[in-house]
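# Descriptive analysis of the structure
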Amino acid sequence: MDHVFFPAFSRVAISGGTHGNELSGVHIVREMQKHNVNQMGSLSVCPILSNPRSIEVCRRYIDTDLNRCFTDALLSTPLTDSSSCELRRAHELNALLGPKGSDRAMDLVCDLHNTTSNMGLCFIIDFLDWILLHMVKYVQIKMPTAPIRVINTNVASKSLSYSVDSVAKHGFAIEVGPQPHGVLRADIYNMMKEAVDHTLDWLNKFNAGTTFEGDKVEVFVWEKSVDYPRDPETSQLTAVIHPKLQDNDFKLLQHGNPIFKTFTGETVNYEGEDLYPFFINECAYYEKRIAFHLAKKETIAFPPISVKKE
Ligand SMILES: [Zn+2]
């Protein structure tokens, strides 16, 4: 593949507390703020707490999920007295970190999340972006024992991307679990902190003129979501995740494998093509009617890159 040149990175934001009860990111950002981290090598760094009101009460959100508020449609919706707390904050964040799609937007936003699912550390991207794939490869090499994967949410267009990191020129989430919401675990905190530090190192190496050779990486591409079995009249759950599926994120799910155990003791088996489950039994997804997502696994080759000289 042909060598690709990208402009240097100058402004980078590390955001935590987009979901106020996902505490690793909240505390990583607070530590950076406490120690006045605003310059790292060639980078101007902005550590920011995305949803302070939800952090204060340790809840995912106050009115609505902030990390679904950054589509072009919602960012251009005029605010009124009845606008949700999160839509107001999304407009503020878009002004601070964006505006989305403009030259003034942050070069990179890294948004920090936790999951109750057994997913290890995931880089979540909305599109294939050579910069982000290089960064993931670098972090994988630097953290050889950590389970580090890439999820491509496969959103149809940038204007439909709904996450806070979509306001930047290059944006991604780091999602680490399992960790209960409202709880801190040292292993999860350290894994996230280390990945953030390596990401910032990579950016400084890139800015300094390092050539990163082409390579390939496995990417899990979102395919579909599966809801829990429900009572057709009341919509109440009639089953839980099957013990043989629980904690088996990213292990191939094959036709006939058990996925749910009903409250009356029956097993529900998976029907469909072989795919990779993730976000299995994520606490925050009950309200979204998602028991788990399914992905295809692809191997993506990416080209050598380096900084474009002025
Ligand atoms: Zn989250």
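The name recorded for the chain in an unreviewed UniProt entry is N-acyl-aromatic-L-amino acid amidohydrolase, from Periophthalmus magnuspinnatus. Recorded in UniProt under Sequence similarities (unreviewed entry), the annotation for the chain is "Belongs to the AspA/AstE family. Aspartoacylase subfamily."

## Considerations on the coordination of the zinc ion
Within the protein, H19 (ND1), E22 (OE), E22 (OE) and H113 (ND1) serve as the donor atoms for the zinc ion, at 2.0 to 2.5 Å. Given four donor atoms and angles of 57 to 150 degrees at the metal, the environment of the zinc ion is assigned as irregular. In primary sequence terms, the donor set of the zinc ion follows H-x2-E-x90-H. Residue E22 is located in the loop between β2 (11-16) and α1 (23-34), and its partner H113 is located in strand β5 (residues 108-114); the two are separated by 91 residues in the primary sequence. The burial state of E22 is the same as that of H113; both residues are buried.

## A closer look at the UniProt feature "domain: AstE/AspA barrel-sandwich hybrid" (unreviewed entry) in the chain
The sites that UniProt annotates as "domain: AstE/AspA barrel-sandwich hybrid" (unreviewed entry) are residues 216-297. For residues 216-297, helix accounts for 0% and strand for 38%, while the C-alpha atoms at its two ends are 13 Å apart.

## Focus: the state of the cysteines
For the structure on display, the rule yields zero disulfides. C283 provides the cysteine sulfur closest to C58, a residue in no disulfide bond, and the two sulfurs are 11 Å apart. The class for C58 is partly exposed, based on a relative accessible area of 33%.

## Considering the packing of aromatic side chains
Counted by the stated rule, this structure contains 12 aromatic pairs. Both rings, one in F9 and one in F206, keep their centres 5.8 Å apart while their planes meet at 75 degrees; by these two values the pair is edge-to-face. One end of the pair, F9, is in the loop between β1 (4-6) and β2; the other, F206, is in helix α6 (residues 186-207), with 197 residues separating them in the sequence. Given a relative accessible area of 0%, F206 falls into the buried group. Aromatic pair F279 and Y285: ring centres 5.0 Å apart, planes at 55 degrees, arrangement tilted. Here the two residues F279 and Y285 agree in accessibility, since each one is buried. One aromatic cluster is present, formed by F220, F250, Y276, F278, F279 and Y285 through successive ring pairs.

## Some points on the side chain of T262
By the secondary structure assignment, T262 is in strand β11 (residues 258-262). Overall, the relative accessible area of 15% leaves T262 in the buried class. Filtering out sequence-adjacent residues up to four positions away, T262 remains in contact with T238, A239 and V268.

## Some details on the pairing of strand β14 (residues 292-302)
Here 11 bridges tie strand β9 (residues 215-226) to β14, and the two strands are oriented antiparallel to one another. By the bridge assignment, K216 is partnered in β14 with A301. As paired elements, strand β13 (residues 276-278) and β14 share three bridges and run antiparallel to each other. Looking across to β14, one finds that P277 is bridged to L294.

## Points about the pairing of strand β4 (residues 43-49)
β4 sits mainly inside the fold: five of its seven residues count as buried. Here six bridges tie β2 to β4, and the two strands are oriented parallel to one another. Paired with R11 across the strands is S44, a residue of β4. Across two bridges, strand β3 (residues 39-40) lies against β4 in antiparallel orientation. Bridged to Q39 within β4 is S44. The antiparallel hairpin formed by β3 and β4 contains two residues in its connecting segment, where G41 sits at a positive phi of about 60 degrees.

Reading the values: rules and limits
Residues numbered from 1 in each chain as written. Predicted model: local features only at pLDDT ≥ 70, side-chain atom pairs only at ≥ 80, totals over all residues. Heavy atoms only, no water. UniProt positions renumbered as here; feature names shortened; annotations may be inferred. Donors = N, O, S within 2.8 Å, 3.2 Å for Na, K, Ca; no water. Tetrahedral: all angles 85-135°; square planar, octahedral: opposite > 155°, others 65-115°. Helix = DSSP H or I, 4+ residues; strand = E, 2+ residues; numbered from the N terminus. Buried < 20%, exposed > 50% of the residue type's maximum accessible area, 1.4 Å probe, protein only. Disulfide = S-S within 2.5 Å. Phe/Tyr/Trp six-rings, centres within 6.5 Å; stacked < 30°, edge-to-face > 60°. Contact = heavy atoms within 4.5 Å. Pairing = 2+ DSSP bridges.

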